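What follows is the residue order along each chain.
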Amino acid sequence: GMALIYSATLNPVSIKDDGSTKNLYVQGAAILIGFGAFVLMSLIDLEGLRNRWKNFVIVNICLQLLLFTPLGMEVNGQRAWLNLGVTSLQPGELGKLIFIFTMAAHISEVGEYISELRGLAVIALHTLIMMAAVVVSSGDSGMAIQYFMIAVIMLFAAGLSLKWIALGAGVAVASVPVLWNFVLKKYQITRILVLFDPSIDPQAALQTTYGKIAIGSGQLTGQGLTHGTMTQLQNVPENQTDYIFSVAGEELGFLGCIAIILLLSLLIARLFYVSYRASTPFSSLLAVGVAGMFLFQTFMNIFMNVGLLPVMGLTLPFFSYGGTSVLTMYAALGIAAGVRMREKPSWLQH
């Protein structure tokens, strides 16, 4: 990840440019803090806090609403960061961890009533409130979709009846015309349409088009680190964050991309295994939530890079540049490590 970020932000046109060095310092510092967060979260027994989950929902909402204060900062046209002076913080990222905890506690509390209307209704309200808090405060629909998918994966793991999942899918399909005409903004509709026909708005399709060209030009083994044509000419906007996979495709080739996918897939599989071995339903749901977060974010980012999904501002875990993202990922793994540490011995699981 550090090597790809260095290459993505290297500007050979300007000898004095120190963008790569600065980005590496920031990312390196975030990784070190992330290690600390990993250890800290693994030591905290969240079972003891689960009965206070409603308080944490309020904390999470307040965290998102901080964007309305003078601390709120706009980056790339989106007010989704808090300016803390020496650094910036994205509340939506940290909020995902709180959301996983509160959802795990809430679903555990609902228990066997999860497939009944009274149980599912309160879980749906919980999810919609947090999605609304994210969208209203930052306008980040991509982040809100992440919250929704984490909830869906956790509900599925908790044993939600397939009839509700099928009904939800049907409602989602039926609501597309309403979303298209009354909810989605013009630029969001354009991002979807250019996936099928880039000529509709060549400028809007530029990032996706160049991203695909970069990935394809790497062929089997790539053009070499810091030697990718599209990457080094900075043709792909935000290639150190959303489009870091296109940098890997161009400079490390198909083999490099497969290596990244395998590494992240093994991590996700391990997280689901930790969930399977967990000592309590609550702990199991915590690990499932973390696994779901990694699963959705990993493959949505890759699909976005290869032009199968519109640009949604999703980073690739551990590879994309972003201090808050890296910190969140390490803290999430700390939660899963805590679950692993407290699992029952095998002879007590039967």
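Note that this is a predicted model, so its numbers are computed, not measured.

Quick look at the packing of helix α4 (residues 91–110) against helix α6 (residues 141–157)
Right, on to step 1. Put simply, α4 and α6 touch, their axes get as near as 10 Å, and they point 25 degrees apart. By the angle class used here, α4 and α6 are roughly parallel. Once α4 is placed against α6, the crossing between them reads as right-handed. Side by side, α4 and α6 meet where Pro 91, Gly 92, Glu 93, Gly 95, Lys 96, Phe 99, Ile 100, Met 103, Ala 104 and Ile 107 of the first sit next to Met 143, Gln 146, Tyr 147, Ile 150, Ala 151, Met 154 and Leu 155 of the second.
Right, on to step 2. A per-class count over the contact of α4 with α6 returns 12 nonpolar, 3 polar and 2 charged.

Some words on the pattern of salt bridges
Right, on to step 1. Under the counting rule described, the total for this entry stands at 6 salt bridges.
Right, on to step 2. The partner of Glu 116 in a salt bridge is Arg 118, and the shortest N-O contact between them spans 3.1 Å.
Right, on to step 3. Under the relative-accessibility criterion, Glu 116 is labelled partly exposed at 37%.
Right, on to step 4. The network of salt bridges with shared partners includes Arg 277, Arg 340 and Glu 343.

Regarding the packing of aromatic side chains
Right, on to step 1. Counted according to the given criterion, the structure contains 7 aromatic pairs.
Right, on to step 2. Centre to centre, the rings of Phe 99 and Tyr 147 are 5.1 Å apart; their planes meet at 45 degrees, and the pair counts as tilted. Here Phe 99, found in helix α4, pairs with Tyr 147, found in helix α6; they are 48 residues apart in sequence, far enough to count as distant. Here Phe 99 matches Tyr 147 in class, with each residue buried.
Right, on to step 3. With a centroid separation of 5.8 Å and 20 degrees between ring planes, the pair formed by Phe 294 and Phe 318 is classed as stacked. Of this pair, Phe 294 sits in helix α13 (residues 281–305) while Phe 318 sits in the loop between α13 and α14 (323–341), placing them 24 residues apart in sequence.
Right, on to step 4. Residue class for Phe 294 comes out buried when judged on its relative accessible area of 0%.
Right, on to step 5. Among the aromatic side chains, those forming a connected cluster through ring pairs are Phe 35, Phe 294, Phe 318 and Tyr 330.
Right, on to step 6. A cation sits over an aromatic face here: Arg 118 above Tyr 113, 3.8 Å from the ring centre.

So, the sheet that holds strand β3 (residues 88–89)
Strand pairs in the sheet, formed through backbone hydrogen bonds, run parallel or antiparallel to each other.
Right, on to step 1. Read from one edge to the other, the open sheet built from 3 strands follows the order β1-β2-β3, with strand pairing classed as antiparallel. Every other strand in the sheet has two partners, leaving β1 (72–75) and β3 as the edge strands with one partner each.
Right, on to step 2. As defined by bridge partners, strand β2 (residues 78–83) adjoins β3 across 2 bridges and the pair is classed as antiparallel. Residue pairing for β3: Asn 83 is matched across the bridge by Ser 88.

Description of the environment of Ile 165
Right, on to step 1. Inspection of the secondary structure puts Ile 165 in helix α7 (residues 162–174).
Right, on to step 2. Take Ile 165: its relative accessible area is 30%, and that puts it in the partly exposed class.
Right, on to step 3. With residues near it in sequence (within four places) discarded, Ile 165 still touches Phe 156 and Leu 160.

Regarding a nonpolar patch on the surface
Right, on to step 1. A surface patch of nonpolar side chains, amounting to about 480 Å² of accessible area, comprises Leu 220, Phe 254, Leu 255, Ile 258 and Leu 262.
Right, on to step 2. You can see Ile 258 is positioned in helix α12 (residues 244–277).
Right, on to step 3. By relative accessible area, Ile 258 is classed as partly exposed at 32%.

Regarding the nonpolar core
Right, on to step 1. One finds Ile 107, Met 154, Leu 286 and Phe 294 to be the most contacted residues of the largest nonpolar core, which totals 49 residues.
Right, on to step 2. Those elements giving two or more residues to this core turn out to be α3 (53–65), α4, α5 (117–138), α6, α12, α13 and α14.
Right, on to step 3. Counting 15 residues, the second largest nonpolar core, distinct from the first, contains Ile 215, Phe 245, Ala 248 and Ile 302.

A look at the side chain of Ser 42
Right, on to step 1. Note that Ser 42 resides in helix α2 (residues 19–43).
Right, on to step 2. In this structure Ser 42 touches Gly 334, Ala 337, Gly 338, Met 341 and Arg 342, once residues within four positions along its chain are discounted.

Definitions and limits used
- Residues numbered from 1 in each chain as written.
- Predicted model: local features only at pLDDT ≥ 70, side-chain atom pairs only at ≥ 80, totals over all residues.
- Heavy atoms only, no water.
- Axes fitted to C-alpha atoms, helices over the stretch in contact; angles between N-to-C directions.
- Helix = DSSP H or I, 4+ residues; strand = E, 2+ residues; numbered from the N terminus.
- Parallel < 35°, antiparallel > 145°, perpendicular 65-115°, else oblique.
- Left-handed = near helix turned anticlockwise from the far one by under 90°.
- Contact = heavy atoms within 4.5 Å.
- Nonpolar A, V, L, I, M, F, W, Y, C, P; charged D, E, K, R; others polar.
- Salt bridge = Lys/Arg side-chain N within 4 Å of Asp/Glu carboxyl O.
- Buried < 20%, exposed > 50% of the residue type's maximum accessible area, 1.4 Å probe, protein only.
- Phe/Tyr/Trp six-rings, centres within 6.5 Å; stacked < 30°, edge-to-face > 60°.
- Lys NZ or Arg CZ within 6 Å of the ring centre and 35° of its normal.
- Pairing = 2+ DSSP bridges.
- Patch = residues over 30% accessible without salt bridge, like charges linked within 9 Å, V, L, I, M, F, W, Y side chains within 5 Å.
- Areas by Shrake-Rupley, 256 points an atom, 1.4 Å probe, with all protein chains shown as cover.
- Core = buried A, V, L, I, M, F, W, Y, C linked by side-chain atoms within 4.5 Å.

As far as function goes, none of this settles anything; it's purely spatial.
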